[in-house]
Amino acid sequence: MKAIQFKEYGAYETLKIVNLDIPELKEGQLLVKINVAAVNPVDNTIRKGLIPQAKKLPMILGNEAAGVIVKGDSEFPEGARVIISPFSPDGSIRGINNDGTWQEYLALYPQEVLKTPDNVSDEEATAFPVAFFSAQASLNKGDFTNSKSVLALGAGGAVGNAAIQLALAYGSPLVITTAGSTQKAEAARAAGIENVMDLSKETIGEGVLRITEGKGVDLVIDSIGGNLTGEALHSLARNGILVTIGYSAGTQFTANVTDFVWKGLQMRGQSLSGWFNAEEQKQIWDQLLPLLAGEKIEPIVAKVFDVADVAEAQRYLIEDRPFGKVLLKF
């Protein structure tokens, strides 16, 4: 079978197509043929050698994918279309401390796959799990209810966009987002997002004051980090909560402690790997899958690359920062 593997840390070109044996099944496992896999920022971080706890080389990257059952059971028979859960059986995220989804076949236990709704393409199914699970977990962590206004940073980012869609699907009275450029702001509006702050033209504080008429927002979902975290904290209303789940823009920020004292703010952290057991995962999938099947949410795909072009696919994601997910077609 074809797989994408790297044997040394370095540039995009260290990613090579190799031929490996199809995995042998252990008792209770399913054999899944992978059709589409996703490219995520963490893959780039691992390839550069910046996550010490990652699997020793050689390694196969990839957190999420979609495919079809080749050898199944009564619940997942041969021919059933499935979404690959990003969670390994021990609750860790696949493709970090074990080999991931960038390979033609995977041996998986039934708890590691989800049934793909009939009306959802393999591309949409692949773009769904990490972003929407992360966003739903963050909304849950932030005590979201449909009476709360939400600021989700990063309209073009997978988690930010998923948080926007979920908040709107649940009936939030006001959902606001950010875009780092006019081009991305226009793309977000074209995708149907009404309240977009173009950060090349105004700050988060200025935009939130304008849109909320000075009230601030109840909940911030922050998958960006850096200086934007401090700005977003300042934009919260009384008793507001900021949930942070990412730091692609940096790990340091400046905040005014008086915002916490006088407005009663809270900041909460959220992560995925190692934090959700099988039952807790199921609770969130049960929240999400009806929305996906009912077309209340729609994973956005920026571009699909052939697996042979994986180096360019990763470069495109990291350097061009597209609006939507980048995928690999096997």
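Residues numbered from 1 in each chain as written. Predicted model: local features only at pLDDT ≥ 70, side-chain atom pairs only at ≥ 80, totals over all residues. Heavy atoms only, no water.

Trainee: Help me understand the environment of Val 310 in this model?
Mentor: Along the chain, Val 310 turns up in helix H10 (residues 310-320). Here the alpha-carbon distance between Val 310 and Leu 15, two residues 295 residues apart in the chain, equals 7.2 Å. (Helix = DSSP H or I, 4+ residues; strand = E, 2+ residues; numbered from the N terminus.)

Trainee: Looking at this structure, how should I read the nonpolar core?
Mentor: Across soluble globular proteins, nonpolar side chains have a tendency to be buried as a group. Judged by nonpolar contacts, the single largest core of 79 residues is most densely connected at Ile 84, Trp 102 and Phe 133. Counting 15 residues, the second largest nonpolar core, distinct from the first, contains Ile 211, Val 220, Leu 233 and Leu 265. (Core = buried A, V, L, I, M, F, W, Y, C linked by side-chain atoms within 4.5 Å. Buried < 20%, exposed > 50% of the residue type's maximum accessible area, 1.4 Å probe, protein only.)

Trainee: Sorry, what's going on with the packing of helix H3 (residues 129-141) against helix H9 (residues 278-293) here?
Mentor: Here H3 crosses H9 at 100°, and the two axes come no closer than 10 Å. Taken together, the axis directions place H3 and H9 in an arrangement best described as roughly perpendicular. On H9, the residues touching Pro 129, Phe 132, Phe 133, Gln 136, Ala 137 and Asn 140 of H3 are Gln 281, Ile 284, Trp 285, Gln 287 and Leu 288. Per-class residue counts for the contact of H3 with H9 are seven nonpolar, four polar and no charged. (Axes fitted to C-alpha atoms, helices over the stretch in contact; angles between N-to-C directions. Parallel < 35°, antiparallel > 145°, perpendicular 65-115°, else oblique. Contact = heavy atoms within 4.5 Å. Nonpolar A, V, L, I, M, F, W, Y, C, P; charged D, E, K, R; others polar.)

Trainee: In this structure, what is going on with the packing of H3 against helix H4 (residues 158-169)? I would like to understand it.
Mentor: The description of two helices packed together rests on the angle between their axes and the distance between the axes. Orientation of H3 relative to H4, taken along the N-to-C sense of each, is 60°, at an axis distance of 8 Å. Comparing the axis directions of H3 and H4 gives the class oblique. The crossing of H3 and H4 is right-handed. Here H3 contributes Ala 131, Phe 132, Ser 134, Ala 135, Gln 136 and Leu 139 to the contact with H4, which in turn contributes Ala 158, Val 159, Ala 162, Ala 163, Gln 165, Leu 166 and Ala 167. Partitioning the contact of H3 with H4 into residue classes produces ten nonpolar, three polar and no charged. (Left-handed = near helix turned anticlockwise from the far one by under 90°.)

Trainee: Honestly, the sheet that holds strand S12 (residues 236-244) in this entry has me stumped. Any pointers?
Mentor: Adjacent strands of a sheet form backbone hydrogen bonds with each other and so pair up, either parallel or antiparallel. Read across the open sheet, the six strands follow the order S10-S9-S8-S11-S12-S13; overall the sheet is parallel. Because the sheet does not close on itself, it has two edges, and the strands there are strand S10 (195-198) and strand S13 (266-269). Across the sheet, the axes of successive neighbouring strands diverge by a mean angle of 20°, strand direction being ignored. Strands in contact with H3 are strand S11 (217-222), S12 and S13; relative to S11, the strand with the most contacts, it is inclined by about 145°. (Pairing = 2+ DSSP bridges.)

Trainee: Got a minute to help me understand the pattern of salt bridges in this structure?
Mentor: Side-chain pairing between opposite charges can occur once the charged atoms of the two side chains come close. One pass over the structure, following the stated rule, counts eleven salt bridges. In this structure, Asp 286 engages Lys 282 in a salt bridge whose closest nitrogen and oxygen atoms are separated by 2.8 Å. Here Asp 286 and its partner Lys 282 are both found in helix H9, four residues apart, which amounts to about one turn of the helix. Overall, the relative accessible area of 42% leaves Asp 286 in the partly exposed class. The network of salt bridges with common partners includes Glu 312, Arg 315, Glu 319 and Asp 320. (Salt bridge = Lys/Arg side-chain N within 4 Å of Asp/Glu carboxyl O.)

Trainee: Looking at this structure, how should I read H3?
Mentor: Because each turn of an α-helix spans 3.6 residues, side chains separated by three or four positions in sequence point in the same direction. Spanning 13 residues, H3 covers 18 Å between terminal C-alpha atoms, matching the ideal 18 Å at 1.5 Å per step. Along H3, the residues that are buried comprise Pro 129, Val 130, Ala 131, Phe 132, Phe 133, Ser 134, Ala 135, Gln 136, Ala 137, Ser 138 and Leu 139. Where H3 is buried, its residues touch strand S5 (81-84), helix H2 (122-127), H4, S11, S12 and H9. Where H3 ends, the next residue or the one after it, Asp 143, has phi of about 55°, a positive value. (Expected span 1.5 Å × (residues − 1).)

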